[in-house]
Amino acid sequence: MRVLSELLAEDRVAALDWPAPHLLGEARARGIEAPDSLQPLIPSRHLIDT
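The notes below deal with the structure included here. (Residues numbered from 1 in each chain as written. Predicted model: local features only at pLDDT ≥ 70, side-chain atom pairs only at ≥ 80, totals over all residues. Heavy atoms only, no water.)

**Regarding the environment of Asp-11**
Piece 1. Assignment of secondary structure puts Asp-11 in the loop between helix H1 (2–9) and helix H2 (20–29).
Piece 2. Separated by 32 residues in sequence, Asp-11 and Pro-43 have C-alpha atoms that sit 31 Å apart. (Helix = DSSP H or I, 4+ residues; strand = E, 2+ residues; numbered from the N terminus.)

As structure tokens, this is what we get:
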């Protein structure tokens, strides 16, 4: 969340469309603590329907 806030403050609105792994990398590059990966608790509906 913090990395998105920073990116939006820099007027980088396109960051809202970035995939989660890219946002995690950006957070680490900015020195923001971030997990190694994200594991959803509930699978996304679009993945279930395919």
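Resuming the write-up.
**A closer look at H1**
Piece 1. By the burial criterion, the buried members of H1 are Val-3, Leu-4 and Leu-7. Looking straight down H1, one finds its buried side chains confined to an arc of 100°; they lie on one side. Residues Arg-2 and Ala-9 are exposed on H1 and point more than 90 degrees away from its buried face.
Piece 2. Contacts made by the buried residues of H1 are with H2. (Buried < 20%, exposed > 50% of the residue type's maximum accessible area, 1.4 Å probe, protein only. Arc of directions from axis to C-beta. Contact = heavy atoms within 4.5 Å.)

**Re the packing of H1 against H2**
Piece 1. Relative orientation of the contacting elements H1 and H2 amounts to 80°, with a least axis distance of 9 Å. In this view, H1 runs roughly perpendicular relative to H2, as classed from their interaxial angle. Residue-level contacts link Val-3, Leu-4 and Leu-7 of H1 to Leu-23, Glu-26 and Ala-27 of H2.
Piece 2. Of the residues belonging to the contact of H1 with H2, the class tally is five nonpolar, no polar and one charged. (Axes fitted to C-alpha atoms, helices over the stretch in contact; angles between N-to-C directions. Parallel < 35°, antiparallel > 145°, perpendicular 65-115°, else oblique. Nonpolar A, V, L, I, M, F, W, Y, C, P; charged D, E, K, R; others polar.)

**Brief notes about the pattern of salt bridges**
Piece 1. On inspection of all chains with the given rule, the structure shows five salt bridges.
Piece 2. In this structure, Glu-6 and Arg-30 form a salt bridge, with 3.1 Å as the shortest nitrogen-oxygen distance. Here Glu-6 is found in helix H1, whereas its partner Arg-30 is found in the loop between H2 and helix H3 (45–48), with 24 residues between them in sequence.
Piece 3. Assessed through its relative accessible area of 25%, Arg-30 is described here as partly exposed.
Piece 4. We note a salt bridge from Glu-10 to Arg-12, for which the minimum N-O separation is 3.7 Å. (Salt bridge = Lys/Arg side-chain N within 4 Å of Asp/Glu carboxyl O.)

By themselves, these observations are geometric and do not establish any function.
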